[in-house]
Amino acid sequence: MSENRKVSIVIPIYNEEANLPHLLPRLLPVLDQLKRPYEIILVDDGSRDESLSILKSYAEKYGDRLRVIELSRNFGQHPAILAGFKYVSGGTVVTLDADLQNPPEEIPKLLARMDEGYDVVGGIRKARQDSLFRKWASRLVNKVTVLITRMHLRDYGCMLRAYSREVIDQINRCEENSTFIPALGLLFARRPTEIEVEHAARTAGRSKYSLYKLIRLNFDLMTGFSVVPLQLFTLFGFVVAAGGMSFGVYLLVRRFVLLRQSEAEGVFTLFALAFVVMGVLMAGIGIVGEYIGRIYQEVRGRPRFSVRHVYGLSEKRKSQEEVQL
């Protein structure tokens, strides 16, 4: 088979020791049934449990078709996936979470759509087995993302996704520190699509995305893929200024034309106006600060991730890939 038929599976892992013993027994039979070359890239994102030890044992047992990338510390889910993208060699790349909430058995569905000519195939989680908070937060992030970035995806939070090698090469050329892979993949896609995939309840461990991390993710999406927040703030500032001027004219008319004296004691009206103006200014400073902070991160030029060691590669192949990186 030609090289472009090869499938690369990239899985970021952070503290998943309870799920890892079930991952490969379910993933390998699915890939073996594809009847096409494949490789599995497991990226340890600075796990603090026994995940890395389990991964090393996998590398010793399946080193011919599996490799483990050990990062120097915890960089986050998306930088870990980007680290895996640097090592892929397949013509199609599939990302998958290690918690098995997106069943590996759904991978053939994505590959079938890729074979139809699509270059990005996203998963839409149907009958989600998450808490009410997770569902609500995910819907909010999806709606805000579509509104601001104008990128129309129904489920940005599903990491079960397939990308063509051309899209992955474009992603690898990007050097920004903060990014969101589904949105970045859609940015470079010529023919993207989405399909429904099964979703299972987490059997062990807990989600790595807290409320604070979800808020940070939303800010990354807003500031990383659009200047709409700045434009909205500017527009809102004009509206508030126009409203303030109109209200001032109204008070002058009441005072000098209608000869009413109530405005002389309008202290609370002034307080209300002051709070509105201060709130707008503080929100605007926060939005501008997000963009300035991103500029600061880019100017520092720090790497998005740092690879400590790669397991499961022959020395010849390993040295060749390190030279390319």
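## Concerning the overall build of the protein
In terms of helices and strands, the protein carries 11 helices and 8 strands. Relative to its 325 residues, the protein shows a buried fraction of 46%. At a minimum sequence separation of 6, the contacts of the protein that also span at least 24 residues come to 82%. Summed over all atoms, the accessible surface of the protein reaches about 17,400 Å², with 59% contributed by carbon and sulfur.

## Quick word on the pattern of salt bridges
The full count for this structure, using the stated rule, is 11 salt bridges. Of the charged contacts in the structure, one is a salt bridge between Arg 26 and Glu 105, with a shortest N-O distance of 2.9 Å. Pair noted here: Arg 26 is in helix H1 (residues 20-32) and Glu 105 is in the loop between strand E4 (92-95) and helix H4 (107-114), with a separation of 79 residues, a long-range link. The exposure class assigned to Arg 26 is partly exposed, which follows from its relative accessible area of 32%. A relative accessible area of 38% means that Glu 105 is categorised as partly exposed. The partner of Arg 113 in a salt bridge is Glu 116, with the nearest N and O atoms 3.1 Å apart.

## Some thoughts on the packing of aromatic side chains
Tallying each qualifying case throughout the model produces 2 aromatic pairs. Ring plane angle 70 degrees and centroid distance 6.1 Å describe the contact between Phe 85 and Tyr 163, whose orientation is recorded as edge-to-face. Taken together, the residues span a long stretch of sequence, with Phe 85 in helix H3 (residues 77-85) and Tyr 163 in strand E6 (residues 161-164) at a distance of 78 residues. You can call Tyr 163 buried: its relative accessible area is 0%. Geometry around Tyr 118 places Arg 191 over its ring, the cationic atom sitting 4.1 Å from the centre.

## As for the environment of Tyr 58
With respect to the helices, strands and loops of the structure, Tyr 58 is situated in helix H2 (residues 51-61). By relative accessible area, Tyr 58 is classed as buried at 12%. Beyond its immediate stretch of four places on either side in the chain, Tyr 58 contacts Leu 20, Pro 21, Leu 24, Leu 42, Gly 63 and Leu 66.

## Side note on the side chain of Ser 51
Of note, Ser 51 is situated in helix H2. Looking at Ser 51, the relative accessible area reads 0%, which means it is buried. Side-chain polar atoms of Ser 51 contact the backbone nitrogen of Glu 16, separated by 2.9 Å. Ignoring anything within four residues of it in the chain, the contact list for Ser 51 reads Ile 13, Asn 15, Glu 16, Glu 17, Leu 20 and Asp 44.

## Brief notes about H3
Extensive coverage of H3 is indicated by the burial of 8 of its 9 residues. Along H3, the residues that are buried comprise His 78, Pro 79, Ala 80, Ile 81, Leu 82, Ala 83, Gly 84 and Phe 85.

## Side note on a nonpolar patch on the surface
A surface patch of nonpolar side chains, about 490 Å² in accessible area, is lined by Val 249, Leu 252, Val 253, Phe 256 and Val 257. Relative to the helices and strands, Val 249 is located in helix H9 (residues 228-257).

## Brief notes about unusual backbone geometry
The phi angle at Asn 15 is positive, at roughly 55 degrees, despite the residue not being glycine. Residue position: Asn 15 is located in the loop between strand E1 (7-13) and H1. Judged by its relative accessible area of 25%, Asn 15 is partly exposed. Non-glycine residue Leu 100 carries a positive phi angle of around 65 degrees. Along the polypeptide, Leu 100 turns up in the loop between E4 and H4.

Calculation notes
- Residues numbered from 1 in each chain as written.
- Predicted model: local features only at pLDDT ≥ 70, side-chain atom pairs only at ≥ 80, totals over all residues.
- Heavy atoms only, no water.
- Helix = DSSP H or I, 4+ residues; strand = E, 2+ residues; numbered from the N terminus.
- Buried < 20%, exposed > 50% of the residue type's maximum accessible area, 1.4 Å probe, protein only.
- Contact = heavy atoms within 4.5 Å.
- Areas by Shrake-Rupley, 256 points an atom, 1.4 Å probe, with all protein chains shown as cover.
- Salt bridge = Lys/Arg side-chain N within 4 Å of Asp/Glu carboxyl O.
- Phe/Tyr/Trp six-rings, centres within 6.5 Å; stacked < 30°, edge-to-face > 60°.
- Lys NZ or Arg CZ within 6 Å of the ring centre and 35° of its normal.
- Polar contact = N/O pair within 3.5 Å; in protein donor to acceptor, adjacent residues only side chain to side chain.
- Patch = residues over 30% accessible without salt bridge, like charges linked within 9 Å, V, L, I, M, F, W, Y side chains within 5 Å.

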